[in-house]
Amino acid sequence: MERTNALIVEDSPGLRELANNCARLWNEVNFERRQAYVRYKKFSWYPKHLYEKYAPMVGSATAQQIINKNNEAWKSFLELKKLEASGKLPPNITRVSMPRYWKRNGKRELRVIVRNDCYKVDLEYLYLPKGLKLRYKGELKWKGKRSRLEIAYDDVDEVWRGFMSVKVEEPPKGGGSKSLYIDLGVVNLATVWARELKQPMAFSGRATLADWWYWARRIAKEQSRLARVNRTKTSRGLRRMYRIRQRRFKHAVNAMVKRIVDDAYELGLSKIILGKLKGVRNNNHNNGKANAMVNNFWSFEYIIRRFKEKAEEYGIEVELLSEYQTSSLCPTCNVKGVRRYRGLFYCPNCDKAINADVVGALNIAKGKTIIPSPSWDRDNGLVAQPLLLRWNGMNWEPRRAMSIRPMKTLGARISRL
Ligand SMILES: [Zn+2]
């Protein structure tokens, strides 16, 4: 599996010059290809004249790396074009555009790509082509076969960031057939259930949602201020706000994913099955903000990717049910239930109210089970309300003062088993 070591690299005039020439090469290759594509729908995959022009400036291996990366960008563009033509574009892609230039706000984006055999690293320094020897900060967390190194200037934080790709050996697959079932949502980011658990767990999205909206309001304010005062659309301050909002969201998601996957591993589960209802959940229909969020920017793709990456590290398989059947049938008796208020599901047949997200998680589990297991029996003590975990900006913590005895995490429960 592929992982990345993230570094901060010291600034130097040599690095700037190298990166500037890399960006010029990328932009020139890209410019010619865009022109040729618009006119003739084709171009050469090897722009010899540009290679020969830039190889002396950036080194032949790096010139080749940049051209290769541009090739990759164009290949995926052409693939998407094909899918678009046959009407098979993935739903999260709304527009297919030609690869962009390494340019932002009228400035070149500074970036260097170094082939795996063209750099060295020790505990203190990075050794790059053109005789550059630069200090770096950051831990080389992933060990394994190194592939290419990218160094890019981050103009929001004003630092050079290095991304060292490493091929890490995959841990052996756990085997067995026990699964963890997860319903992804917004009001609850994830509702988790496994047969090994007596009580489902829900990770409340409330704090994350509120935080996102706090930053969205600040961003909107800053946007209108910029338009009014500076007559511009963007600024470093604004880009910083976007980044803070994104980072805070990712922090909560990553902590949640880590906790769930850690627990799945400790429970000896070999598979995680992720499900998400098509579109916005029914039980959110009064929550306009949650709806706006799902429609505009809620990144299920990001959450799913993080689950896959994390689980891979533990040898746990992830299966995705992109649009699972329904959350309107009772997981116990299959009778159509009714929605009561605020995400509560009621089954008239069992005369039982269940948290709607729990119904989702249970139905995901059920969809994967051929013979109904005894745990579906309503007398088997399946708890209808999840243990609710809340994000406090640092950790996911169980809500106190529940009618059920206070519980910690799956991990705490394992120690009792
Ligand atoms: Zn029922």
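Residues numbered from 1 in each chain as written. Predicted model: local features only at pLDDT ≥ 70, side-chain atom pairs only at ≥ 80, totals over all residues.

A.B. asks: What is the right way to look at the nonpolar core in this model?
C.D. replies: Soluble, globular proteins show a tendency: their nonpolar side chains are buried together. Grouped together as the largest cluster of nonpolar side chains are 44 residues, with contacts concentrated most on Tyr181, Ile182, Met256, Ile272 and Ala361. Tallying contributions element by element places helix 5 (residues 236-266) first for this core, with eight residues. Residue contacts for Ala361: discarding those within four places in its chain leaves Tyr181, Ile182, Asp183, Thr191, Val192, Trp193 and Pro200. Of all hydrophobic cores here, the second largest spans 32 residues; its members include Ile66, Ile67, Val114 and Trp160. (Core = buried A, V, L, I, M, F, W, Y, C linked by C-beta atoms within 7 Å. Buried ≥ 20, exposed ≤ 12 C-beta atoms within 10 Å, placed from the backbone. Helix = DSSP H or I, 4+ residues; strand = E, 2+ residues; numbered from the N terminus. Contact = placed C-beta atoms within 7 Å.)

A.B. asks: I keep staring at the sheet that holds strand 5 (residues 120-121) and nothing clicks. Help me out?
C.D. replies: Hydrogen bonds between backbone groups are what pair the strands of a sheet, and the pairing can be parallel or antiparallel. Across the sheet, which stays open at both edges, the seven strands sit in the order 4-8-9-1-7-6-5 with antiparallel pairing between neighbours. Here the strands that pair on one side only, and so sit at the sheet edges, are strand 4 (111-114) and strand 5. Packed onto the sheet, helix 1 (residues 13-40) meets strand 4, strand 7 (132-137), strand 8 (145-154) and strand 9 (159-167) and runs at close to 85 degrees relative to strand 4. Here helix 3 (residues 60-85) sits on the sheet and contacts strand 4 and strand 8; the angle it forms with strand 4, its principal contact strand, is near 105 degrees. (Pairing = 2+ DSSP bridges. Axes fitted to C-alpha atoms, helices over the stretch in contact; angles between N-to-C directions.)

A.B. asks: Is there a simple way to think about the sheet that holds strand 19 (residues 396-398) in this case?
C.D. replies: In space, the seven strands of this open sheet follow the order 14-13-10-11-12-18-19, with mixed pairing throughout. Since the sheet does not close on itself, it has two edges, and those belong to strand 14 (317-321) and strand 19, each with one partner. Strand-to-strand twist of the sheet, defined as the mean angle between neighbouring strand axes without regard to direction, takes the value 25 degrees. The pairing of strand 10 (residues 179-184) with strand 13 (residues 271-276) spans six bridges and is classified as parallel. Each residue of the ladder has a partner; that of Leu184, found in strand 13, is Lys276. Of the strands in this sheet, strand 11 (188-193), strand 12 (201-204) and strand 18 (387-391) are in contact with helix 4 (residues 206-230), which crosses strand 18 at around 30 degrees.

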